[in-house]
Amino acid sequence: MKLKKYDSINVIPFIDVLLVLLTIVLMTSTFITKGIIPISLPKASNAENLKVNKEIIIVIKEDGTLFCNNNIEGLKNIEEHILQFSKDTPIHINSDKNSKFEIFVSVLDMLKRYEYSNISIVTKK
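Within any chain, residue numbers begin from 1 and follow the written order of that chain's sequence. Local features in this predicted model are restricted to residues whose pLDDT is 70 or higher, and side-chain atom pairs enter the listing and the counts only when it is 80 or higher, whereas totals over whole chains, interfaces and linings include all residues. Just so you know, side-chain values use all the structure's heavy atoms and leave hydrogens and water out.

**Focus: the overall build of the protein**
Right, on to step 1. What the protein contains, in helices and strands, is 3 helices and 5 strands.
Right, on to step 2. Starting at the N terminus and walking to the C terminus, you meet the elements of the protein as α-β-β-β-α-β-α-β.
Right, on to step 3. Looking at the protein as a whole, 17% of its 125 residues qualify as buried.
Right, on to step 4. Contacts: residue pairs with any heavy atoms within 4.5 Å of one another. In the protein, once contacts between residues fewer than 6 apart in sequence are set aside, the share between residues at least 24 apart is 64%.
Right, on to step 5. Using a 1.4 Å probe, accessible areas were evaluated by the Shrake-Rupley method; residue-level cover was limited to the displayed protein chains. Working note: accessible area of the protein is about 11,000 Å², and carbon and sulfur atoms make up 59% of it. Starting at the N terminus, helices and strands are each numbered in turn, a helix being any DSSP run of H or I of at least four residues and a strand any DSSP run of E of at least two. Exposure is judged per residue with a 1.4 Å probe applied to protein chains only, and the accessible area is read against the type maximum: over 50% gives exposed, under 20% gives buried, and values in between give partly exposed.

Now the structure itself:
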């Protein structure tokens, strides 16, 4: 029995596999950009609020008032609150563009004094 010699390669199965891989990449990339998968959660009357302390958000308003995670006000109170977290906790600083730079520097100075290194400054694109 003699084997047939092929002059060309059939690329149709290869294209089918590539299209399936492309579809998978495009479907998962939409979940990655949003960061969450949209779901509708059920309601419960006896549920407790889940406190997830993954990051710290510091807000500097235009008039110079400071907030941490929307409920702690003042630099001393923020300092006490932040010391409860580990040194690699992500810290996001949202500063109003018209706020005093001195307040921003004092917040950064306080974070560097306690050796927090995962600091990011939130801006608008």
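**Digging into the environment of L83**
Right, on to step 1. Looking at where L83 falls in the secondary structure, it is placed in the loop between α2 (75–82) and β4 (91–95).
Right, on to step 2. Among the residues examined, L83 registers a relative accessible area of 41% and is labelled partly exposed.
Right, on to step 3. Along the backbone, L83 and Y114 are 31 residues apart, and their C-alpha atoms lie at a distance of 8.0 Å.
Right, on to step 4. Ignoring sequence-local partners within four residues, the contact set of L83 consists of Y114 and Y116.

**What about the confidence of the model for the protein?**
Right, on to step 1. In this model, the protein carries an average pLDDT of 81, and 82% of its residues clear a pLDDT of 70 or more.
Right, on to step 2. Element-level mean pLDDT values for the protein span from 76 in strand β3 (residues 72–73) up to 90 in helix α3 (residues 101–113). Values of pLDDT, which run from 0 to 100, indicate the predictor's confidence residue by residue.

**Concerning α3**
Right, on to step 1. Here the expected length of a helix is defined as 1.5 Å per residue gap, with one fewer gap than residues. End to end, α3 covers 18 Å across 13 residues, agreeing with the expected 18 Å (1.5 Å per residue, within 8%).
Right, on to step 2. By the burial criterion, the buried members of α3 are I103, F104, V107, M110 and L111. Seen end-on, α3 carries its buried residues on one side only, within an arc spanning 125°. Exposed positions of α3 whose direction lies more than 90 degrees from the buried face are F101, E102 and K112.
Right, on to step 3. Immediately downstream of α3, the backbone of E115 shows phi near 65°, a positive value. Each C-beta atom gives one direction from the helix axis, and the arc is the one those directions make.

**Digging into the pattern of salt bridges**
Right, on to step 1. Salt bridges, as used here, are contacts in which a Lys or Arg side-chain nitrogen is within 4 Å of a carboxyl oxygen on Asp or Glu. By the definition in use, this model includes 1 salt bridge.
Right, on to step 2. The salt bridge involving R113 is made with E79; its shortest N-O contact spans 3.4 Å. Of this pair, R113 sits in helix α3 while E79 sits in helix α2, placing them 34 residues apart in sequence.
Right, on to step 3. Looking at R113, the relative accessible area reads 48%, which means it is partly exposed.
Right, on to step 4. Residue class for E79 comes out buried when judged on its relative accessible area of 10%.

**Considerations on the pairing of strand β1 (residues 56–60)**
Right, on to step 1. Every second residue of β1 is oriented toward a common face, the buried set being I56, I58 and I60 and the non-buried set I57 and V59.
Right, on to step 2. Here 3 bridges tie β1 to strand β2 (residues 66–68), and the two strands are oriented antiparallel to one another. Bridge pairing in β2 places I58 opposite C68.
Right, on to step 3. Hairpin connection, β1 to β2: the antiparallel pair is bridged by 5 residues, and G64 has positive phi, about 100°. Strands are treated as partners if at least two bridges between them are detected by DSSP.

**Some thoughts on the nonpolar core**
Right, on to step 1. Residues I56, I58, I60, I78, I82, V107 and L111 are the most contacted members of the largest nonpolar core, which totals 17 residues.
Right, on to step 2. Looking at this core, the elements that each hand over two or more residues are β1, β2, α2, β4 and α3.
Right, on to step 3. Of all the elements, α3 adds the most residues to this core, at 5 residues.
Right, on to step 4. Among all residues touching V107, those that are not within four sequence positions of it are I58, I60, L66, L75 and I93. In plain words, nonpolar cores are sets of buried Ala, Val, Leu, Ile, Met, Phe, Trp, Tyr and Cys residues tied together by side-chain atoms within 4.5 Å.

**Quick word on the packing of aromatic side chains**
Right, on to step 1. Note on aromatic pairs: the rings of Phe, Tyr and Trp (six-membered ring only in Trp) are paired at centre separations within 6.5 Å, and the planes decide the class, stacked below 30 degrees, edge-to-face beyond 60, tilted for the rest. Following the criterion strictly, the structure yields 1 aromatic pair and no others.
Right, on to step 2. Its guanidinium or amino end placed over the ring of Y116, K87 lies 4.9 Å from that ring's centre, counting from NZ or CZ. In our convention, an over-ring charge means Lys NZ or Arg CZ found within 6 Å of a ring centre and within 35 degrees of that ring's normal.

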